[in-house]
Amino acid sequence: MAQETIEAPLPGKVSKVHVSIGDVISEGDKICTIESMKMENPILSPVGGKVIEIKVSAGQQVNGGQILVIVEH
């Protein structure tokens, strides 16, 4: 199966991770929320599939382009 790597579109702090390993998600589902410049930015999945890896946790600082989640579709 193909894998989709979901990356942070901007630097900030992960305020919440909305998925767990093994979750089946749909395109547009919220993966996590990144707080940047005092705004909460929902990160949405570009594909549907199964979450096979989560590379971040709540409270973690991330850089733009950093891998957040890997989805198998």
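Refer to the preceding data block for the structure.
These lines cover the structure that appears in this document, whether it is placed above or below. Just so you know, these numbers come straight off a predicted model, no measurement behind them.

Some remarks on the sheet that holds strand β3 (residues 24-25)
Link 1 in the chain: A sheet is described by the order of its strands in space; here four strands give the open sequence β1-β8-β6-β3, paired in antiparallel fashion. Single-partner strands in this sheet number two, and they are β1 (3-7) and β3.
Link 2 in the chain: In the sheet, β3 pairs with strand β6 (residues 49-54) via two bridges, with the strands oriented antiparallel. Along β6, the bridge assignment pairs V24 with K50.

A few points about the nonpolar core
Link 1 in the chain: With 16 residues, the main nonpolar core has I31, C32, I34, V62, L68 and V69 as its most contacted residues.
Link 2 in the chain: Those elements that provide at least two residues to this core are β4 (30-36) and β8 (67-72).
Link 3 in the chain: Here I31 is in contact with I6, V17, H18, V19, I25, I43, L44, S45 and V69, once residues within four sequence places are set aside.

Remarks on the sheet that holds β4
Link 1 in the chain: Taken in spatial order, the four strands of this open sheet run β5-β4-β2-β7, and their pairing is antiparallel. Single-partner strands in this sheet number two, and they are β5 (39-44) and β7 (61-62).
Link 2 in the chain: Pairing of strand β2 (residues 12-17) with β7, which is carried by two bridges, proceeds in the antiparallel orientation. Bridge assignment links G12 to a residue of β7, and that residue is V62.

About the thresholds
- Residues numbered from 1 in each chain as written.
- Predicted model: local features only at pLDDT ≥ 70, side-chain atom pairs only at ≥ 80, totals over all residues.
- Heavy atoms only, no water.
- Pairing = 2+ DSSP bridges.
- Helix = DSSP H or I, 4+ residues; strand = E, 2+ residues; numbered from the N terminus.
- Core = buried A, V, L, I, M, F, W, Y, C linked by side-chain atoms within 4.5 Å.
- Buried < 20%, exposed > 50% of the residue type's maximum accessible area, 1.4 Å probe, protein only.
- Contact = heavy atoms within 4.5 Å.

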